[in-house]
Amino acid sequence: MSLAQAQCEACRADAPKVSDEELAELIREIPDWNIEVRGDHMELERVYLFRNFRHALAFTNAVGAIAEEVGHHPALLTEWGKVTVTWWSHEMRGLHRNDFIMAARTDVLAASAEGRK
Ligand SMILES: C[C@H](O)[C@H](O)[C@H]1CNC2=NC(N)=NC(=O)C2=N1
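Below is a summary of the structure that appears in this document. Computed from a prediction, not measured in an experiment: that's the story for all the values here.

A closer look at the sheet that holds strand β3 (residues 75-79)
Phase 1 of the analysis: Taken together, the four strands give an open sheet; going across it, the order is β1-β2-β4-β3, and neighbouring strands pair in antiparallel fashion. What marks the edges here is a single partner per strand, and that holds for β1 (34-38) and β3. Sheet twist, expressed as the average angle between the axes of neighbouring strands with direction ignored, equals 25 degrees.
Phase 2 of the analysis: Pairing between β1 and strand β2 (residues 41-49): five bridges, direction antiparallel. What sits directly across from R38, in β2, is H41.
Phase 3 of the analysis: Of the strands in this sheet, β2 and β4 (82-87) touch helix α4 (residues 97-111), which is tilted by about 0 degrees from β2.

Comments concerning the packing of aromatic side chains
Phase 1 of the analysis: Inspection of the entire model under this criterion finds three aromatic pairs.
Phase 2 of the analysis: Arranged with centres 6.2 Å apart and planes meeting at 75 degrees, the rings of W33 and Y48 form a pair that is edge-to-face. Note that W33 is positioned in the loop between α2 (20-27) and β1 and Y48 in strand β2, a separation of 15 residues in sequence. In this structure, W33 and Y48 share a single accessibility class: buried.
Phase 3 of the analysis: Centre to centre, the rings of F50 and F59 are 5.2 Å apart; their planes meet at 35 degrees, and the pair counts as tilted.
Phase 4 of the analysis: By relative accessible area, F50 is classed as buried at 1%.
Phase 5 of the analysis: Chaining the aromatic ring pairs together yields one cluster made of W33, Y48, F50 and F59.

Quick notes on a negative patch on the surface
Phase 1 of the analysis: Negative charge collects at one region of the surface, where D20, E21, E22, E25 and E29 lie side by side.
Phase 2 of the analysis: Judged by relative accessible area, which is 53%, E25 ranks as exposed.

Concerning unusual backbone geometry
Phase 1 of the analysis: If you check the backbone angles, R93 has positive phi at about 55 degrees while not being a glycine.
Phase 2 of the analysis: You can see R93 is positioned in the loop between β4 and α4.

Overview of the pattern of salt bridges
Phase 1 of the analysis: Summed over all chains, the structure comprises seven salt bridges.
Phase 2 of the analysis: Of the charged contacts, one joins R46 and D32 as a salt bridge, the two residues approaching to 3.7 Å between their closest N and O atoms. Taken together, the residues R46 in strand β2 and D32 in the loop between α2 and β1 connect sequence positions 14 residues apart.
Phase 3 of the analysis: Given a relative accessible area of 14%, R46 falls into the buried group.
Phase 4 of the analysis: Using a relative accessible area of 46% as the deciding quantity, one classes D32 as partly exposed.

Conventions and cut-offs
Residues numbered from 1 in each chain as written. Predicted model: local features only at pLDDT ≥ 70, side-chain atom pairs only at ≥ 80, totals over all residues. Heavy atoms only, no water. Pairing = 2+ DSSP bridges. Helix = DSSP H or I, 4+ residues; strand = E, 2+ residues; numbered from the N terminus. Axes fitted to C-alpha atoms, helices over the stretch in contact; angles between N-to-C directions. Contact = heavy atoms within 4.5 Å. Phe/Tyr/Trp six-rings, centres within 6.5 Å; stacked < 30°, edge-to-face > 60°. Buried < 20%, exposed > 50% of the residue type's maximum accessible area, 1.4 Å probe, protein only. Patch = residues over 30% accessible without salt bridge, like charges linked within 9 Å, V, L, I, M, F, W, Y side chains within 5 Å. Areas by Shrake-Rupley, 256 points an atom, 1.4 Å probe, with all protein chains shown as cover. Salt bridge = Lys/Arg side-chain N within 4 Å of Asp/Glu carboxyl O. Lys, Arg positive; Asp, Glu negative; His and termini not counted. Charge placed at Lys NZ, Arg CZ, Asp CG, Glu CD.

Have a look at this one:
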């Protein structure tokens, strides 16, 4: 395992989940993200719109690249003109502070992405 992956605390089953208080604080930093409850855990989700499939795919790959850098991976659904990004920590079945950090980094990427709608 690379050092980048070793640093991903959220990818350990016994990592701490965010408390309700922390969640309320952290979600204020990423106001365009929704919390979805899926089965037994929460996920952070946001839809980004693009002018066409090519721009959506380029953004998908950019998000994939930052995920690989840190060894923490989102679910990515690429459609024509639309990318749905979902962050959670599957090993620990819930939200870790790291998911909020990655959501914020996804917003930074989106701010300079080409072909946003
Ligand atoms: C072994 C490897 O680091 C783990 O499977 C990582 C990979 N990427 C991951 N990404 C996310 N989002 N959650 C995880 O629990 C996770 N685990």
